[in-house]
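These are the residues of each chain, in order.
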Amino acid sequence: MNAIELLKADHEKVKSLFKQAEAEGGNNWELFKKIKEELDVHTHIEEEILYPRIKEVEELTDIVLEGVEEHHQAKVVMREMEALSKDSEKFEPKMMVLMENVEHHIKEEEEEMFPKIEKLIAEEELEELGRRLEAEKRSFSRKMTGRAAK
Ligand SMILES: [Fe+2]
Ligand SMILES: [Fe+2]
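The model shown is predicted, which means the values in this text are computed figures rather than measured ones. (Residues numbered from 1 in each chain as written. Chains lettered and ligands numbered in written order. Predicted model: local features only at pLDDT ≥ 70, side-chain atom pairs only at ≥ 80, totals over all residues. Heavy atoms only, no water.)

For the protein chain, the helix and strand inventory stands at 5 helices and 0 strands. Along the chain direction, N to C, the helices and strands of the protein chain fall in the order α-α-α-α-α. Projected onto its principal axes, the C-alpha positions of the protein chain cover 50 × 30 × 25 Å. Across the 150 residues of the protein chain, 42% fall into the buried class. In the protein chain, 79% of the contacts between residues at least 6 apart in sequence involve partners at least 24 apart. By element, 50% of the accessible surface of the protein chain is carried by carbon and sulfur atoms, the whole surface being about 8,800 Å². A gap of 6 Å separates the mean positions of the 25 positive and 39 negative side-chain charges of the protein chain. (Helix = DSSP H or I, 4+ residues; strand = E, 2+ residues; numbered from the N terminus. Buried < 20%, exposed > 50% of the residue type's maximum accessible area, 1.4 Å probe, protein only. Contact = heavy atoms within 4.5 Å. Areas by Shrake-Rupley, 256 points an atom, 1.4 Å probe, with all protein chains shown as cover. Lys, Arg positive; Asp, Glu negative; His and termini not counted. Charge placed at Lys NZ, Arg CZ, Asp CG, Glu CD.)

The following block contains the structure:
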């Protein structure tokens, strides 16, 4: 899988979790935990591997900088959600805001950022980036599970 295919597959997974959350409504903490795990690892590999590589390309600098801020917004909302009491009335509205923000961000990556990357970066390098994203995904998830077990 090349880098773009891998990241799009992650996006699909997140979007299907969002659909589930919308359908179920209420304070679904289990689902939120899953969504947060997915987004944590996804934003991490983008920021560690993809973004630094493409930020140097003049045409992509602004969209990368905006992407980092959008990741930051999502992290702030998720941190706030984690601090809520289990029955908080703020859970659902924050979940809605999180979903809207992330869906907007995914749309920008897929419609603006990724097509430019595909135009500017050769297929062999996209494959190589895909392998690095995959490896980082595995090692980051291992670290996270290790931390959770402590
Ligand atoms: Fe992103
Ligand atoms: Fe993404």
